[in-house]
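Architecture and fold: a report
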Amino acid sequence: MRKSNIEPHTGKKSGKRENGVHAGGITFFPAEQLIDELTRRKSLAIGGLRGSLATLLVYELSRLQPVIVLPNDENINRYHRELRKLGILVTLINEDHPYFLESRVIVAAQSVLSTRIAEEDVVRLSVGQEIALQQFVARLEASGYSREDNVEDENEYAARGGIIDFFESGGVPIRLEMYGDKIFSIRKFDTQTQRSTDSIDRTHVTIVNACSSPRPLTEWLAERYVTVSESELQELNRSVILSERGDIQYHFSSPRRYFGDLRSLIADMKDTDYSFKFLVSPSLARKLRSLLGEVEIHQIPVELGFVDEHHRIAYLTESEIFGTVRKQKRAYKGPFVDDLMGLAENDYVVHYDYGIGQYKGLTLVDFEGKSIECLQIAYAGKDRLFLPIERLNLLERFIASDQRPPRLSKLGGELWLRTKRRVRKATERLALELLKLYARRMQEPGFAFSPDSSEMKALEGSFPYVETKDQLKAINDLKREMELPKPAERLICGDVGYGKTEIALRASFKAALDGKQTMILCPTTLLAFQHYNTFMNRLDAFPVHVEMVSRFRKKDEIARALEGVSAGKIDIVIGTHRLLQPDVRFRDLGLLIIDEEQRFGVAQKEKITKMKPGVDVVYLSATPIPRTLYMALTGLKNVSNIHTPPIGRKDVITHIIHSDEETFEEIIRRELQRGGQIFFVHNRIQTIETVYRRLNRIMPDLRVCLLHGRVREDISARRMVKFINGEYDLLLSTAIIESGLDIPRVNTIIIDQAHKFGLADLHQLRGRVGRGELQGYAYFIVPPRARITDEANKRLGALVSYTSLGSGFRLALRDMEIRGVGNLLGREQSGHMNSIGYHHYIRLLNESVNELQGRTVTHEPVLDLKLDAYFPSTYVTSTYERTALYKRLLEIESARELKTIKEEILDRFGRYPPEVENLFVLSNIRLEAKTVGASEVIRKGRQFVFYRDGKVIHQTD
């Protein structure tokens, strides 16, 4: 086969025009010569490319001729991202977006080559333009957009009265405000806050051409397009095949990855004969120059670097410098704890004054000639309460450990009032006990850690992501507590993969800088192993000694590690419950971090408690156990909740299935076809070999890795490394994978006998998948329902209901409902809680705690304003959205908050009708009543009269 002597360009000036990445001033490929080669032969193999060079090759070729890229499944999204950033008009075609738009570059999954795809149009929109609104919405639907109440992700749209929101893949969220069929305004908006950010005059959206006829993609690949593929393709014309060896052989290699170790990078720049060039974003360019001095930087936004061995040049991207590409996370928008979230008809609720009832939905009620939206609540007998929305904050969902339906209260009866008086006395006793325990701990002397140093700033600068707002708040709050001369104690609650480990790492580093030791306690060997690797990589450039004590270590290694801990030579030790043994002695323990505390037993927690006096303590959890959550909600332990998922992260789609071999094969093959791997969890060592043989019988070619607690530690470690490297298709294991594993290629998990797991366990297992950009799937295998307990049924139902990102905290609340918290508070408190419900019990306990601490307990004023005040269903169509907005309006505490929510409602839903304006009047009167201390406000004519203890204290128009 004829070899070519084409060499890559390096940006040196020549007499000829060079086709290169002009934004960075570098040309890597002589595109004209490559196109000439393709005119003489049907296909051309190119070898020796590394990193993002294939993207740059596509870029160069596309400047002369349109290109279609057919990458392996795991590289599709990277090609799409990089080419978009390079300023090329690019279309992505895959199973999620099977539409054709004629563009300069097409990135397509090979699986869609022979499928029939629909053509698309670019629809241009401008202020003042008239559009057929219903047809426009129908075309969004046909283009794969899903209708949602609020647009949060790509390929979603929302229609709310005169507001149309949509978020095109690769674009920015757009809000159209319509006046009839005319576009009144066009605004960009933030999916986190749902608020508009910038007004623009025009935009465009790519949607299906309603008049086009679908055709196979291959029809577009004849003469017009050059194909660049990562595998051999026979049927296509003019193809560039990327391979190890080729007709044209370039001399590139993969660069070293520094993982934030800038000292080693600077040493390599000085001591090797390679010149270094950096391909980074403008914001990182400034940071690099401050860290490295004057270096050559090109703003070529690719994600993977490469080394040009021919010219001895190393091109480094952020991935090589810091370990991965910095990605801006998008915040989860949901509320922190909303006990009315997802309230459905027939759910049991508790009214502060009237007791336990059953919710029957929202309804409009005419009262004295005014329309009021009310929650309809059924009580004992045929009693009904129509609760005006201005009294919504007197209502809570009923949750108790008793599984039987509660007895409904009778309206006007004395039983509820007597019950509440009895429970209040009990909460006062409990509050006093809790405050004594809290005060005792706060009186213990603690160590005041030093403020942040330059070393801490250097560590934070090497973090390969942009910290989210709530993550930064958690870090700063924890640091502030550590710097006080009393023991810190904080719960960091965030869903799996939301950045809790980074918070623990920074706290540990802060302790080490002051000569204090840190113990990180993990429930499993695998989690300890992953934490150890993370800490070693991030802290490698700093004089901090990290060790691990677990079954992955030999006895002599553990003995040496414990000697180092005792002598104070080890700053951070990470391990399992082995660290709780009597032979583990610290020279100067300053920080204790407990990961997934719900996994530790009572005896282990007693040992932990004995270690705590004077030591700062941090708990990390996605689903904290009920008592810890209870303590956090009553304010006796500080809590930080992280809502923000990584960018591109999707909800894990959850299915409940029965044990069926055809279903297994279909699930496994579907994942393998998209280049992924599978977790299969079977939690009984006695029968796991039977499952292993069954899988081999169903799919003889399937490469299955078997892992459980009785496999030797060295064998387990080797098998895990092979699985991570892709040498196995499926990992069959017990629940030892529950915590810590982070393998982005695994996006399907199958859990056998799911009904035997706890809710937190299932949530953690499900969190092992969907951690990359591909859709994650969780399959819970259960026997027929007749063989499942009611409690197990509720657990599985909760998992299916709470699939949204950030749902871990809500699952913990649901776990309280299912398991109950009474046994953790004592038998007497359990009975009280069951009689009035968890949320109402917590409300009374909070009031008791506040009273004992001398804080003023304010009660909601009664409002009788006789106003048409509600959200019409034509204005806010979603019942949940209306309920949420009512609650927000009733929780505001300042005129500024009211102004903000008014602006938000106008922005999100358009011009509001008089009924909504009256809601704002109602909220304003409530604020005024709380300011003057009124217990009741009554409207008389055009005046609002404020009362306290039956006496007029204020009045206003």
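Please refer to the structure placed before this passage.
Residues numbered from 1 in each chain as written. Predicted model: local features only at pLDDT ≥ 70, side-chain atom pairs only at ≥ 80, totals over all residues. Heavy atoms only, no water.

**Observations concerning the overall build of the protein chain**
Within the protein chain one finds 27 helices and 44 strands. Carbon and sulfur atoms make up 49% of the accessible area of the protein chain, which amounts to about 42,200 Å² in all. (Helix = DSSP H or I, 4+ residues; strand = E, 2+ residues; numbered from the N terminus. Areas by Shrake-Rupley, 256 points an atom, 1.4 Å probe, with all protein chains shown as cover.)

**Observations regarding the packing of aromatic side chains**
Within the structure shown, the criterion is met by 13 aromatic pairs. Considering the side-chain rings of F509 and F542, the 5.1 Å spacing of their centres and the 65° angle between planes classify their relative orientation as edge-to-face. Residue F509 is found in helix α11 (residues 500-513), and its partner F542 is found in the loop between α12 (525-539) and β30 (546-549); the two are separated by 33 residues along the sequence. By the burial criterion, F509 is buried, and F542 matches it. Relative to F909, the ring of Y875 lies with its centre 5.8 Å away and its plane at 45°, an arrangement referred to as tilted. Of this pair, Y875 sits in the loop between β41 (862-864) and α25 (879-891) while F909 is found in helix α26 (residues 895-909), placing the two residues 34 residues apart along the sequence. Judged by its relative accessible area of 7%, Y875 is buried. One aromatic cluster in this structure is built from F29, Y250, F252, F306 and Y315. Positioned above the aromatic ring of F909 is the side chain of R160, whose terminal nitrogen or guanidinium carbon lies 5.1 Å from the ring centre. The cationic tip of K420 hangs over the ring face of Y352; the distance from NZ or CZ to the ring centre is 3.8 Å. (Phe/Tyr/Trp six-rings, centres within 6.5 Å; stacked < 30°, edge-to-face > 60°. Buried < 20%, exposed > 50% of the residue type's maximum accessible area, 1.4 Å probe, protein only. Lys NZ or Arg CZ within 6 Å of the ring centre and 35° of its normal.)

**Concerning the nonpolar core**
In this structure, L539, I574, F679, I749 and I751 are the most contacted members of the largest nonpolar core, which totals 60 residues. Sorting elements by how many residues they give to this core places α11 first, with seven residues. A31, I35, L61 and V240 belong to the second largest nonpolar core, which has 42 residues in total. (Core = buried A, V, L, I, M, F, W, Y, C linked by side-chain atoms within 4.5 Å.)

**Topic: the pattern of salt bridges**
Applying the stated criterion to the full structure yields 44 salt bridges. Between R187 and E177 there is a salt bridge; the shortest N-O distance is 2.9 Å. Pair noted here: R187 is in strand β11 (residues 182-189) and E177 is in strand β10 (residues 173-179), with a separation of ten residues, a long-range link. For R187, a relative accessible area of 10% corresponds to the buried category. (Salt bridge = Lys/Arg side-chain N within 4 Å of Asp/Glu carboxyl O.)

**Overview of the pairing of strand β36 (residues 677-681)**
Within β36, five of the five residues are buried, which leaves it mostly tucked inside the rest of the structure. Residues of β36 alternate between two faces, with Q677, F679 and V681 on one and I678 and F680 on the opposite face, all of them buried. Strand direction decides the pairing type here: β36 and strand β38 (residues 730-733), joined by four bridges, are parallel. Across the sheet, I678 pairs through a bridge with L730, a residue of β38. (Pairing = 2+ DSSP bridges.)

**What about the side chain of S62?**
Note that S62 resides in helix α2 (residues 53-62). Polar contacts involving the side chain of S62 include one to the main-chain carbonyl oxygen of Y59, which spans 2.8 Å. Discounting chain neighbours no more than four positions away, the residues touching S62 are V67, I88, R104 and V105. (Polar contact = N/O pair within 3.5 Å; in protein donor to acceptor, adjacent residues only side chain to side chain. Contact = heavy atoms within 4.5 Å.)

**Observations concerning α11**
In this model, α11 (14 residues) spans 20 Å end to end at C-alpha, consistent with the 20 Å of a helix rising 1.5 Å per residue. Counting buried residues along α11, twelve of its 14 residues qualify, which places the element largely inside the surrounding structure. Residues of α11 that are buried include every one of K500, E502, I503, A504, L505, R506, A507, S508, F509, K510, A511 and A512, and no others. G515 occupies a position one or two residues after α11 and carries a positive phi of about 80°. (Expected span 1.5 Å × (residues − 1).)

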